[in-house]
Amino acid sequence: MHQSEVLGKAMRILIIGAGYVGLSMGVILAEKHDVLLLEMDPSKVESINKGQSPIFEDKIAELLQNAIQSGRLKAQSPEGPLGYRDVVMVCVGTPSREDGSVNLSYVDDAMKLLFERVDEFCDNYTAVGIKSTVPPGTTKTLVLDKIEKGHFTDRLGAFFNPEFLREGTAIEDAKNPDRIIIGASNEKAASLVQRMYMESLGNKADNILTMSLESGELCKYVSNSFLATKISFANEIANITERIPGADFDSVVKGMAADSRICGKFFGSGAGYGGSCFPKDVSGLIMLAKNDLNVATHILQAAQRVNAERPQRILDFLKEHVSDIKGKKIAVLGIAFKPGTDDIRESPALKVMKQLSDNGANVWAHDPLLSRMEISEDIKNQINLTESINECLKNSDACILMTEWKEYIDMGLEAITDTMSNKLLIDGRRAFVNRDIPSGITYRAIGRPN
Ligand code: NAD
């Protein structure tokens, strides 16, 4: 029996990919276990080892510093020594290909690296698995089949363990998960992963659901697709509510959600869903159903269509008040796809800004985390990006709120519109919908009749 088989002793964990998921999990697991992060981006490795988080997430800075100081967390390039490990977990990206299907090349590369170096990380028995979101069948093909082909069955077990954290509250979510799903090829692999969580999250891990690899993989896609569909449904209801004088979106939702069969949580309307997960996971499930299963996905495609129309809805509001936006200064508040994160992948704000710019507007944009954002040269050439909220708003002909950062909400409508030439606020997130609207300000919000 090696050291980490003794219950309560730190386990030896290897995580491949130190992005939002890998790093968040790494710092949490390192409160109890010994964690090595393999990361291909040298600047992230350097930053992590200095105790500086390459991503912005609430509470991550402190956890990372503690983990580095305690010596329980280290990052290195994939070529470095792996050391013996009890659990190996792949957390690399699974972006969409051009056609919307899932690009598994990063997972494939990570697995190739691992299966070339089994003797280096396995001294007794190691659970090797995937935490990245992958289509059903992937863990079997890229992990289990390789274990069997390589005759590693008495040394390695395969697992799939989806992650449900939300950017912006990643640490809180990962520490207090609604459920932990473990798909595993056998009991031994499942129990290693289970122990990893039980010992680091304490009794909070009593909500562990074990299932087949394929059920786990599908469960992650279905969960994200359902949440995305819920947002699109809310946005369709908002489109209807906007055209009914006297109707109020919040009252409609409140009345609806009082039915115990309907959950009112996550039923907000706004500028649409974005980020690195919902858009790609909805596309991934649609493409899987179409290409591999020959199953129609009417609801998922409708959810996607409704979401694609959201930027135009924001522009429609603007055009109701500013007939020709050519040459007009339009201030956009918020670039992140939601508050609390520096992630701009698939952010609706980028789409709105592009459409404004294509229509000849003079677009200015602000975000509290602008300096951390990876904004393309294309956008930089079209949009005036500023870290000064005053510069963004001054003399503008309209302001569009795209991310409901606390900074903007705390400012209030009067301060936001104070220096604007034309005090028109389009609230793409319904952030001020329940506030009194001071006279002289034209306020339009998604889901609110004019
Ligand atoms: P990310 O892009 O932030 O991080 C991935 C990291 O992996 C990058 O730092 C990249 O450099 C690194 N990497 C890629 N290939 C590598 C390799 N072969 N060796 C070492 N490092 C490698 O991605 P993310 O947002 O953390 O998402 C990871 C996975 O988790 C995706 O499948 C995603 O769908 C899923 N997921 C993400 C979230 C989220 O909120 N971001 C939530 C749940 C699930």
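Quick caveat, the model's predicted, so the values are computed rather than measured.

What follows concerns the overall build of the protein. The secondary structure content of the protein amounts to 17 helices and 14 strands. Taking 2.2 N^0.38 as the reference for a compact globule, 450 residues should give roughly 22 Å; the C-alpha atoms of the protein span a radius of gyration of 24 Å, in line with that estimate. Considering only C-alpha atoms, the protein reaches an extent of 75 × 45 × 40 Å along its principal axes. Counting across all 450 residues of the protein, residues that qualify as buried make up 54%. When contacts within the protein are restricted to residue pairs at least 6 apart in sequence, long-range pairs at least 24 apart make up 74% of them. Carbon together with sulfur atoms contributes 50% to the accessible area of the protein, which is approximately 20,000 Å² in total. Computed over 52 positive and 61 negative side-chain charges, the separation of the two mean positions in the protein equals 2 Å.

Glancing now at the site of the ligand. Around the ligand sit 26 residues in total, of which Glu 39, Lys 44, Thr 94, Glu 167 and Lys 280 are the nearest. Here an oxygen atom of the ligand sits 2.5 Å away from a polar atom, N or O, in the side chain of Glu 39. Side-chain polar atom of Arg 345 to an oxygen atom of the ligand: 3.2 Å apart, as the coordinates give it. Calculation on the ligand without its partners gives an accessible area of 830 Å², and the protein chains cover 90% of this total. Per-class residue counts for the shell around the ligand are 12 nonpolar, 7 polar and 7 charged.

Now for the domain arrangement of the protein. With domains assigned, the protein is organised as domain 1 (3–211) and domain 2 (302–445). Contacts between domain 1 and domain 2 engage 9 residues on the former and 10 residues on the latter. Buried surface at the junction of domain 1 and domain 2, summed over both partners, amounts to about 690 Å²; 43% is from carbon and sulfur atoms. Our count for the domain 1 to domain 2 interface comes out at 1 salt bridge. Its salt-bridge partner being Arg 345, residue Glu 167 comes within 3.7 Å of it at the nearest N-O pair. At the surface where domain 1 touches domain 2, the tally comes to 7 residue pairs in polar contact (both at pLDDT 80 or more). Taken together, the residues that form the side of domain 1 that touches domain 2 break down as 4 nonpolar, 2 polar and 3 charged.

Time to look at the nonpolar core. Ranked by internal contacts, the top residues of the largest apolar core, which has 56 residues, are Leu 318, Leu 333, Ile 335, Met 353, Leu 356 and Ile 400. Among the elements that make up this core, the one with the highest residue count is helix H14 (residues 348–358) (5 residues). Counting 43 residues, the second largest nonpolar core, distinct from the first, contains Val 35, Leu 64, Met 89 and Phe 159.

Attention now moves to the environment of Lys 338. Relative to the helices and strands, Lys 338 is located in the loop between strand S9 (329–333) and H14. The class of Lys 338 is partly exposed, set by a relative accessible area of 22%. C-alpha separation for the pair Lys 338 and Arg 429, spaced 91 residues apart in sequence, amounts to 9.7 Å. The contact partners of Lys 338, leaving out residues within four places of it in the chain, are Arg 166, Glu 167, Thr 403 and Trp 405. A polar contact of 2.7 Å, which involves the side chain of Lys 338, links it to the backbone oxygen of Glu 167.

Here we come to unusual backbone geometry. Residue His 151 is not a glycine yet carries a positive backbone phi of 55°. Structurally, the position occupied by His 151 is in the loop between helix H6 (138–149) and strand S6 (156–160). With relative accessibility at 66%, the residue His 151 sits in the exposed group. One non-glycine residue, Glu 346, lies in positive phi territory at about 60°. Looking at the secondary structure, you find Glu 346 in the loop between S9 and H14.

About the criteria used
Residues numbered from 1 in each chain as written. Predicted model: local features only at pLDDT ≥ 70, side-chain atom pairs only at ≥ 80, totals over all residues. Heavy atoms only, no water. Helix = DSSP H or I, 4+ residues; strand = E, 2+ residues; numbered from the N terminus. Rg over C-alpha atoms; globule rule 2.2 N^0.38 Å. Buried < 20%, exposed > 50% of the residue type's maximum accessible area, 1.4 Å probe, protein only. Contact = heavy atoms within 4.5 Å. Areas by Shrake-Rupley, 256 points an atom, 1.4 Å probe, with all protein chains shown as cover. Lys, Arg positive; Asp, Glu negative; His and termini not counted. Charge placed at Lys NZ, Arg CZ, Asp CG, Glu CD. Near = heavy atom within 4 Å. Polar contact = N/O pair within 3.5 Å; in protein donor to acceptor, adjacent residues only side chain to side chain. Nonpolar A, V, L, I, M, F, W, Y, C, P; charged D, E, K, R; others polar. Domains from an automatic or database assignment. Buried area = accessible area lost by both parts, 1.4 Å probe. Salt bridge = Lys/Arg side-chain N within 4 Å of Asp/Glu carboxyl O. Core = buried A, V, L, I, M, F, W, Y, C linked by side-chain atoms within 4.5 Å.

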